[in-house]
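# Secondary and tertiary structure notes
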Amino acid sequence: MSGLRVAVLASGTGTNLQAILDTVHGRDGIEVVAVGSDKPTARALARARDAGVETAVFRAADYPDRAARDEAMADWLAERGVELVVLAGYMQLLTPGFIRRFPNRIINVHPALLPSFPGLDAIGQALAHGVRVTGVTVHFVDEGVDTGPIILQRAVPVPDSRDRAELEEAIHAVEHELLPEAVRLIAAGRVTIDPANPRLVLIAPAAK
Ligand code: GAR
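Keep in mind that what you see is a predicted model, and the values were worked out from it rather than measured.

## Thoughts on the overall build of the protein
Along its length, the protein carries six helices and nine strands. At 17 Å, the protein has a C-alpha radius of gyration in line with the 17 Å of a compact globule built from 208 residues. Considered along the principal axes of its C-alpha atoms, the protein spans approximately 50 × 45 × 35 Å. Burial statistics for the protein: of 208 residues in total, 46% are counted as buried. Considering only intrachain contacts with a sequence separation of at least 6, the fraction spanning at least 24 residues in the protein is 62%. When the 21 positive and 26 negative side-chain charges of the protein are each reduced to one mean point, those points stand 1 Å apart.

## Considerations on helix 5 (residues 122-129)
All buried positions along helix 5 are accounted for by Ala122, Ile123, Gly124, Ala126 and Leu127. Check the buried side of helix 5 and you find it contacts strand 5 (106-110), strand 6 (133-140) and helix 6 (164-187).

## Some thoughts on the packing of aromatic side chains
Following the criterion strictly, the structure yields two aromatic pairs and no others. Taken together, a centroid distance of 5.3 Å and an interplanar angle of 40 degrees make the contact between phenylalanine 98 and phenylalanine 102 tilted. For phenylalanine 98, a relative accessible area of 1% translates into the label buried.

## Digging into unusual backbone geometry
With an omega of 10 degrees, the peptide bond between leucine 114 and proline 115 qualifies as cis. Structurally, the position occupied by proline 115 is in the loop between strand 5 and helix 5. The backbone phi angle of aspartate 121 is positive, close to 50 degrees, even though this residue is not glycine. Locating aspartate 121 in the fold gives a position in the loop between strand 5 and helix 5. At aspartate 146, a residue that is not glycine, the phi angle is positive and equals roughly 60 degrees. Given a relative accessible area of 17%, aspartate 146 falls into the buried group.

## Some words on the pattern of salt bridges
What the rule picks out here adds up to ten salt bridges. Of the charged contacts in the structure, one is a salt bridge between arginine 164 and glutamate 168, with a shortest N-O distance of 2.8 Å. One end of the pair is arginine 164 and the other is glutamate 168, both in helix 6 and four residues apart, which spans about a single turn. Here the residues in one salt-bridge network are Glu54, Glu79 and Arg80, joined through shared partners.

## Considering the nonpolar core
Core analysis: the largest hydrophobic core is formed by 47 residues, its most contacted members being Val6, Val8, Val86, Ile107, Val138 and Ile151. The leading source of residues in this core is helix 6, at ten residues. Residues within four places of valine 86 in sequence aside, it is in contact with Val6, Ala7, Val8, Leu9, Ile20, Ile107, Leu179 and Val183. In terms of nonpolar packing, the next biggest core, distinct from the first, is built from 20 residues, Ala56, Ala74, Ile99 and Val141 among them.

## So, the pairing of strand 4 (residues 84-87)
Residue alternation in strand 4 divides its side chains into two sets, Leu84 and Val86 and Val85 and Leu87, and both sets are buried. Pairing geometry for strand 1 (residues 4-9) and strand 4, over four bridges, is parallel. Bridged to valine 8 within strand 4 is valine 86. One ladder, built from three bridges, connects strand 4 with strand 5; its direction is parallel. For valine 86, the partnering residue across the bridge sits in strand 5 and is isoleucine 107. Note on the crossover from strand 4 through helix 4 (residues 96-101) to strand 5: the handedness is right-handed.

Each value, and the rule that gives it
- Residues numbered from 1 in each chain as written.
- Predicted model: local features only at pLDDT ≥ 70, side-chain atom pairs only at ≥ 80, totals over all residues.
- Heavy atoms only, no water.
- Helix = DSSP H or I, 4+ residues; strand = E, 2+ residues; numbered from the N terminus.
- Rg over C-alpha atoms; globule rule 2.2 N^0.38 Å.
- Buried < 20%, exposed > 50% of the residue type's maximum accessible area, 1.4 Å probe, protein only.
- Contact = heavy atoms within 4.5 Å.
- Lys, Arg positive; Asp, Glu negative; His and termini not counted.
- Charge placed at Lys NZ, Arg CZ, Asp CG, Glu CD.
- Phe/Tyr/Trp six-rings, centres within 6.5 Å; stacked < 30°, edge-to-face > 60°.
- Salt bridge = Lys/Arg side-chain N within 4 Å of Asp/Glu carboxyl O.
- Core = buried A, V, L, I, M, F, W, Y, C linked by side-chain atoms within 4.5 Å.
- Pairing = 2+ DSSP bridges.
- Right-handed = clockwise from strand over helix to strand, strands pointing away.

Given below as structure tokens:
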């Protein structure tokens, strides 16, 4: 594959979106062509506009149900020729109908070493459990909560202070490397799911 039309969905601050805009957007044919949110006030939307990327808001309250909201969002992305959907702090569960529109074409960044600490507040869960190592996972999105095949993971030690802000900062720094790296690998056509084992993601070595 050469080049990739990417959409990012984000609900919050959008530092992961910013990392993608700063490090992969406009390079090697990778273009962020759309940024969507469920929250009209998400700072991610302002970051997208500043980068000249088209934005849209899909609020649950504006649709009869989640399926209708996700269908409108999938239509909006499909009209823009999106080939990869990146969830970067998108805090809504996608409906099966949406996921079927982009088979193995949706990835998510999660602030823990899955399958540990799925769902909300993974950093708080890790601190409460008392682990000494947590980390970051980038994975394909399936119909479960943070259950899809794992593309990249990196460990992050819990600081001796067990200070939440310090751990958050360390995790975010790793996210800002791992998520753009996953987009680069997918754009380069190096990421496939093992036909013999659909849990297993294969990453081909870089061409010499
Ligand atoms: C990130 O830490 C991301 O891993 C997390 O939300 C944060 C968004 O930060 N996502 C989840 O917890 C999803 N389960 P950002 O808005 O600054 O990119």
